[in-house]
Amino acid sequence: MKYVVLGPILRILYRPEVQGLENVPDDGAAILAPNHQSFLDDFLLPLVIRKRKVVMMAKADYFDNWYTAWFFKAAGCIPVRREGGSASARALAGGIDALAAGKLVGIFPEGTRSPDGRLYRGKTGLARMALEAHVPVIPVALVGTYQAWPYDRKFPKPGRVEIRFGKPLTFERHYETPTDRFVLRSVTDEIMYEIMMLSGQEYVDDYGARIKRQIERVEAPAVDQPEQATADKSAG
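Analysis parameters
- Residues numbered from 1 in each chain as written.
- Predicted model: local features only at pLDDT ≥ 70, side-chain atom pairs only at ≥ 80, totals over all residues.
- Heavy atoms only, no water.
- Buried < 20%, exposed > 50% of the residue type's maximum accessible area, 1.4 Å probe, protein only.
- Helix = DSSP H or I, 4+ residues; strand = E, 2+ residues; numbered from the N terminus.
- Salt bridge = Lys/Arg side-chain N within 4 Å of Asp/Glu carboxyl O.
- Core = buried A, V, L, I, M, F, W, Y, C linked by side-chain atoms within 4.5 Å.
- Contact = heavy atoms within 4.5 Å.
- Phe/Tyr/Trp six-rings, centres within 6.5 Å; stacked < 30°, edge-to-face > 60°.

Asks: Could you clarify how one ought to interpret helix H6 (residues 125-133) in this entry?
Replies: Think of an α-helix as 3.6 residues a turn; residues three or four steps apart then line up on the same face. Of all the residues in H6, the buried ones are Gly125, Leu126, Ala127, Met129, Ala130 and Leu131. With its phi angle positive at about 60°, His134 sits one or two positions after the end of H6.

Asks: Any chance you could explain the pattern of salt bridges here in plain terms?
Replies: Here the idea is simple: oppositely charged side chains can pair when their charged atoms come close. Under the counting rule described, the total for this entry stands at eight salt bridges. In this structure, the salt-bridge partner of Asp116 is Arg118, at a minimum N-O distance of 3.0 Å. Arg118 gets classed as partly exposed once you look at its relative accessible area, which sits at 27%. Of the charged contacts in the structure, one is a salt bridge between Arg185 and Asp189, with a shortest N-O distance of 3.0 Å. One end of the pair, Arg185, and the other, Asp189, are both in helix H8 (residues 181-199), four residues apart, so they sit about a helical turn from each other. On the basis of relative accessibility, which here comes to 16%, the residue Arg185 falls in the buried class. One salt-bridge network, held together by shared partners, links Asp116, Arg118 and Glu202.

Asks: Would you mind showing me how to read the nonpolar core here?
Replies: Leu32, Leu44, Ile49, Ile163 and Phe165 are the most contacted members of the largest nonpolar core, which totals 30 residues. Looking at this core, the elements with two or more residues in it are helix H1 (6-14), strand E2 (30-34), helix H2 (41-48), strand E3 (54-59), helix H4 (66-74), strand E7 (137-143) and strand E8 (162-165). Looking at which element gives the most residues to this core, the answer is H2, with five residues. Those residues in contact with Leu32 that lie beyond four places of it in its chain are Val24, Leu45, Ile49, Val54, Leu104, Val105, Gly106, Ile107, Ile138, Val140 and Phe165. By size, the runner-up hydrophobic cluster in this structure holds 27 residues, among which are Val105, Ala127, Val187 and Met192.

Asks: Please explain the packing of aromatic side chains as it appears in this structure.
Replies: Tallied over the entire structure, the rule returns two aromatic pairs. Judged by centre distance (5.2 Å) and plane angle (80°), the rings of Phe39 and Phe43 are edge-to-face. Its relative accessible area of 13% is what places Phe39 among the buried residues. For Phe43, a relative accessible area of 16% gives the class buried. A centroid spacing of 5.5 Å and a plane angle of 90° characterise the contact between Phe39 and Trp149, whose relative ring orientation is edge-to-face. Residue Phe39 is located in the loop between E2 and H2, and its partner Trp149 is located in the loop between helix H7 (145-148) and E8; the two are separated by 110 residues in the primary sequence.

Next comes the structure, spelled out in structure tokens:
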């Protein structure tokens, strides 16, 4: 898929320009921490790292739908359920196991696609993985994928995409406190700051998922109004 089928198609449609690829190690465990603007991110990030396979941590919903499940399972992705609790803990454990095996793991710290192209607050699971596994974190910025395929559009359009890899971040000073919630928040915020500097995005100190729910609540009445108007007209 990467070299023969899907890869060549994506390269033609999006002509990805890559900066800082030398910051990705040729071997050994590391975490890639990209911003998340589009469904395309899951495909384009592994595509440009030719020398290594990237184990992506992906939304569990992709494994529940037959038309996406086949790809994410074949690609060896780790499903992440966002309801928290034991399900999230299992996903983090899967990521830590992959890192222990020396693999390159990709995880979107925002936890969801941006609703408006801005950068949103990161979740601390990424920091927990880095501290538990004692591995560096490489911030990544995908630029242009939101314009090509935002979360509320059904189909993508061609465009030009940039993928920028920052210098690895290490957190040895916190390896002894991998569960301290203040440490996890501090590490996460440091990573998000580096992503912001790479991407040039406006930062929002709120979770993207919460903003999405607010948008959906606002838009829901607008969908119902035409139906109500038709019902009122019929009644009259």
